[in-house]
Amino acid sequence: MNRLFPPFSGMKFPKNASTRILLCLSAVLFYPCFYLLSGEKQNSQPLLAFLDPPPEQKEVPDQSEPEQSISEEREALIHRIYRNRNLQTQFDRAEQKFQDREFTEGALQLEKLLDHQEDYFFWSDDQPHPVNFRERTRQLYSQFSPRSLADYERISGPQANQLLQQARQTNDLRLYELLALRFFPLRAGFEALNYLATHYMELGNFDFAARYWDLLLESRLQQSRLEPVHLLKAALTYQQSQQHEKANRILEAYAATNVIVSGRTLPLEQALQILDTSLAGTSSPKKTDWLVSQGNAKRNQSVDASLPYLNPVWSHPVGLTNKDRPLETLRNWETKQFRENLSTAVVNQPIAAGDLVIYRDFKGIRAVDLNSGETSWLFQSAGSLSQLIDQLEEHTPSHSTYSQNLPLEKFYNYNSIYGSLSSNGRFVFAIDYLPDTLPPAQINMGLRRSTSHFSLVSQKGNRLVALPLNGKPTVASQNASHSASSAANKTAATQTKPAWSIEGYYFLGAPLPVGNYIYAIAEHHSQLSVLCINPQNGAIHWKQGIAFVNQPIFTDRTRSYMHCPMTSSQGVLICTTQMDTLVAIDATNGDLLWNYYYGDGDQYRRISQKRYYRPVAFGHPGLSSAPLIDQHRVFYLPTGSPYIHCVDINTGLPLWEEVHREDAEYIAAVVDETVLVVGSDYCRGRHIEDGRELWHLHVGPVTGKGFLSQQNYLLPIKTGSVLRHT
C-alpha cells in the first residue's frame, strides 16, 4: 500500500528515482521555511524581550493614570472653555480641503469663517489640550505651495488690496487688524502686520509690537517677505521688550545680513547696538504713580521711596454718615473680627495718580490732594452707599434688623467689584452701582412684617464710568446757587460727572490699563467676555469671550461680590474667571492663547446633578488676590484652590508641583528668586523655581496690602503698625 498517497486519493507516488529525490529534498526544505514563517510572531517576542524587556505587570496601572486625569480635566473644562461647535464643523470641512491639496478652495472657506469677530477654542477627542481657531488657520496657511499661493493671490488679492488702501486712507487700526486676520497669507496681510508692528514701535509700546513680529517670524510664508529693515525692527522690538532670547535668535540666523542706517551700511548686530543705545539715552524717567492694585499691570511694581515715619499729616473718614444704625453695624463687625482674632481688611483699595489719592467712601469716589488733604473732586451717584442708606431708612422700621436689609460687610467691606479702582493717568475708572428705579423690593419672609432688601446685584446691573483726573467741574456745578452756605457751595464745586460710561454689561471689576487701551471683564447672558475699550471715548475696540458660567451672576450668591482681576505682560492678558480657570488672550487682537484649570472637577459633577453646591473659599474675603507676573512666570492664589499655582505665560503649563497655600492670603511681590506670600498669621518666602519654603515670619493678622519699596515690603498689620520685610 502506498503510504504517501492512500487509496482513492487520485495521486500516485512517482516511479522515477530523480523525481523522488527532488520531492524529498523539497519537503525537507519547505517544512523549516513554513515553520519559520508561521512562527514569526512567536519568535519575535523573545528577540524583542532580549533587546528591550517589557515592563512588569505592576507598572500597567501607572500608565493609565495620566489618561484618567486628562479625561477628568477635560470633563470639567469642556463646559467652561469658549467654544463654537458650528464653527468647528465648518472648519473641519475647510481643513479637509487642505488635506486634499485643494488649497485655494480651503482658503476661501476660511475667509468666511474669519469674519467671526471672536476667537474660539477647538477640542477634539484625540487632542490632549484645546487649540484656538485663529492659530489653527495660520497653521493651515503654512501648507500653501507657491503655485497655490499665487492662485489665491490672484483671486482674493484685489479685495485685500482695496481694504489695505482704505485702511491707509482712514488710518483705522481696526481695518489693519481685520486685514491681517482675514488675508493673513497674502501680500496685503504682510503689509498690515508690518504697519501694526511699526505703529506700536513708534508709540513706545514694544510689547504690542513684539506680538505682531511674532506672527511674521513664525510664519513660513511671511518669512520669505522679510527684508533686512524688518529684521532690524523686530530685533530692536525684542530688545526693548526684554525678550533677549528672540533678539539673539534673529542675530544668529541673519548674522551676515547688512542693513542701511543713516546712509551707512552696517551689519545687523552693529546697527541694533546703535539704535538700542540711542533709545536707552532718550528713555523717559520711571513713573511713580500707583494706577492699579499693586502698582502696575504685572501687579509687581516697586517704587523708590524711603521708610515712612507713620506720623499722620491729614486724615479723612471713609464711613461718614449721619445715620447711627449703619455705623453701629460696622462697629459690631469690627468688634467681632477683633474678638475672633481675624483681619479687619476691606477690599477698598485706593490708587495714586499725580498729586491725587483716589478712594471710595460712603458718598462716592473721592480724589484728595496728597499734600494738603483737601478734596479735589467727588463723584456721587444714586448708587453710592449714602444714597442707599437714606433709601433704606425711609422704608425700614426702626425695630427691624438693619444688617439683613443692607449687608454692609458684603456691600462695602467684601465687595471687590466696587472696591477696585484704576487709572491711565488721564481718567479714573470705576464700577458704578445702578439701583433699581422702583423702591426696594418688599420681601415677605413668612414673618409678621415685611422687610426692605437691597441686593448686591440690582436688576439694572452696573456700569463702567470714566472720571476726569483733573476733576473739571461740570456746567451745572459752575452755575450752582451762591445763596447757599459756603460749605454747600464748596461741595457743589467739587462735584464731577463721568466723561463717558458703558452700560448693558455687568462689569466684574475696574478695567486694567495696558498700552493705549483699557481691558475689562464683563458678564452678559451667562458669558464672560473681555472688552478692549478706547479710554478716550469709551468705544469698544473689540470683544472676546473667555468662558461660560454655570448660572448668571444675578442668582449666584458666591460670585455676586467677587471681582475678576487681570494681569498683563509681554502683550498677554491673564484673565481670571471665578470658574476655576485662568485664560490667556492676546492683548493686541483678542486671540485665545491657553486655558489653565486648577479645580478638582467635583464642582461640575455636583452642578450637573442639580445638587446644591457651595464652593469652598480659602482666605479672608477682604484680601482679594490677583495674578502676579515675573518674567515668564504667572503666580496665582485663587480663593477656590488649596494650592499656590505657577504657570508659564507662553504655554499655560504648570511650573510648580502641588504647593500648599498654608494660611496664604495673597502673593505680594517677587524679588530676585523669592516669592513673598502674605498669610493671615505668617509671611513666607518661597523659591521662584519650585515653590519650596525658604523662610517664614510670624506677623499676626494683616489689615491690608502693602507695597514694595526696592528690597523692602511694607505691610500693615492688626496692631496698627507697619511691618518691614527685607
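Preceding block: the structure.
Remarks on the overall build of the chain
Across its full length, the chain carries 22 helices and 35 strands. Counting all 726 residues of the chain, 48% fall into the buried class. Of all intrachain contacts in the chain linking residues separated by at least 6 positions in sequence, the fraction that spans at least 24 positions is 57%. In the structure as shown, the chain presents an accessible area of about 37,500 Å², 52% of it carried by carbon and sulfur atoms.

A word on the side chain of E95
You can see E95 is positioned in helix 4 (residues 85-99). For E95, the residues in contact, after removing those within four places along its chain, are R136 and L140.

Side note on the pairing of strand 8 (residues 365-369)
Within strand 8, 4 of the 5 residues are buried, which leaves it mostly tucked inside the rest of the structure. Of the pairings in the sheet, the one linking strand 7 (residues 356-360) to strand 8 comprises 5 bridges and is antiparallel in character. Residue V357 lies in a different strand from strand 8, and its bridge partner there is V368. Where strand 7 hands over to strand 8, the hairpin turn is made up of 4 residues, of which G364 adopts a positive phi near 155 degrees. In the sheet, strand 8 pairs with strand 9 (residues 375-379) via 4 bridges, with the strands oriented antiparallel. Bridged to R366 within strand 9 is L378. Where strand 8 hands over to strand 9, the hairpin turn is made up of 5 residues, of which G373 adopts a positive phi near 80 degrees.

A look at the sheet that holds strand 6 (residues 351-353)
Strand order in the open sheet made by the 4 strands is 6-7-8-9, with antiparallel pairing throughout. The two strands at the open ends of the sheet, each matched to only one other strand, are strand 6 and strand 9. The mean inter-strand angle of the sheet, taken between neighbouring strand axes irrespective of direction, is 20 degrees. Looking at chain direction, strand 6 and strand 7 are connected through 3 bridges and run antiparallel. Of the residues in strand 7, the one forming a bridge with I351 is I358.

A word on the pattern of salt bridges
Inspection of the entire model under this criterion finds 21 salt bridges. R134 is paired through a salt bridge with D591; the nearest N and O atoms lie 2.7 Å apart. Here R134, found in helix 6 (residues 133-141), pairs with D591, found in the loop between strand 23 (581-586) and strand 24 (592-597); they are 457 residues apart in sequence, far enough to count as distant. An identical accessibility class is assigned to R134 and D591; each is buried. One salt bridge in this structure joins R138 and E135, with 3.3 Å as the shortest N-O distance. With R138 and E135 both in helix 6 and 3 residues apart, this pair spans about one turn of that helix. R138 gets classed as buried once you look at its relative accessible area, which sits at 15%. Connected through salt bridges with shared partners, the residues R134, E135, R138 and D591 form a single ionic network.

Focus: the side chain of Q349
Among the structural elements, Q349 can be located in the loop between helix 15 (324-339) and strand 6. On the accessibility criterion, Q349 (18% relative accessible area) is buried. Reaching out from Q349, the side chain makes a polar contact with the side chain of S293 at a distance of 3.1 Å. Those residues in contact with Q349 that lie beyond four places of it in its chain are S293, G419, L421, S624 and K705.

Some remarks on the pairing of strand 3 (residues 258-261)
Taking every second residue as pointing to the same face, the buried face of strand 3 carries V259 and V261, while none of N258 and I260 on the other face is buried. In this sheet, strand 4 (residues 264-267) lies alongside strand 3 in antiparallel orientation, the contact comprising 4 bridges. Counted as the bridge partner of I260 is T265 from strand 4. Between strand 3 and strand 4, which pair antiparallel and follow one another directly, the connecting turn spans 2 residues, one of which, S262, has a positive phi of 55 degrees.

Looking at a nonpolar patch on the surface
A surface patch of nonpolar side chains, amounting to about 240 Å² of accessible area, comprises L694, W695 and L697. In this fold, L694 is placed in strand 32 (residues 693-698).

Here's the deal with the sheet that holds strand 29 (residues 664-671)
Here 4 strands make up an open sheet; going across it, the order is 29-30-31-32 and the pairing antiparallel. Unpaired on one side and paired on the other, strand 29 and strand 32 mark the two borders of the sheet. The average angle at which neighbouring strand axes cross in this sheet is 20 degrees, direction not considered. Strand direction decides the pairing type here: strand 29 and strand 30 (residues 674-679), joined by 6 bridges, are antiparallel. The residue bridging V670 from the neighbouring strand is V675, located in strand 30.

Each value, and the rule that gives it
Residues numbered from 1 in each chain as written. Predicted model: local features only at pLDDT ≥ 70, side-chain atom pairs only at ≥ 80, totals over all residues. Heavy atoms only, no water. Helix = DSSP H or I, 4+ residues; strand = E, 2+ residues; numbered from the N terminus. Buried < 20%, exposed > 50% of the residue type's maximum accessible area, 1.4 Å probe, protein only. Contact = heavy atoms within 4.5 Å. Areas by Shrake-Rupley, 256 points an atom, 1.4 Å probe, with all protein chains shown as cover. Pairing = 2+ DSSP bridges. Axes fitted to C-alpha atoms, helices over the stretch in contact; angles between N-to-C directions. Salt bridge = Lys/Arg side-chain N within 4 Å of Asp/Glu carboxyl O. Polar contact = N/O pair within 3.5 Å; in protein donor to acceptor, adjacent residues only side chain to side chain. Patch = residues over 30% accessible without salt bridge, like charges linked within 9 Å, V, L, I, M, F, W, Y side chains within 5 Å.

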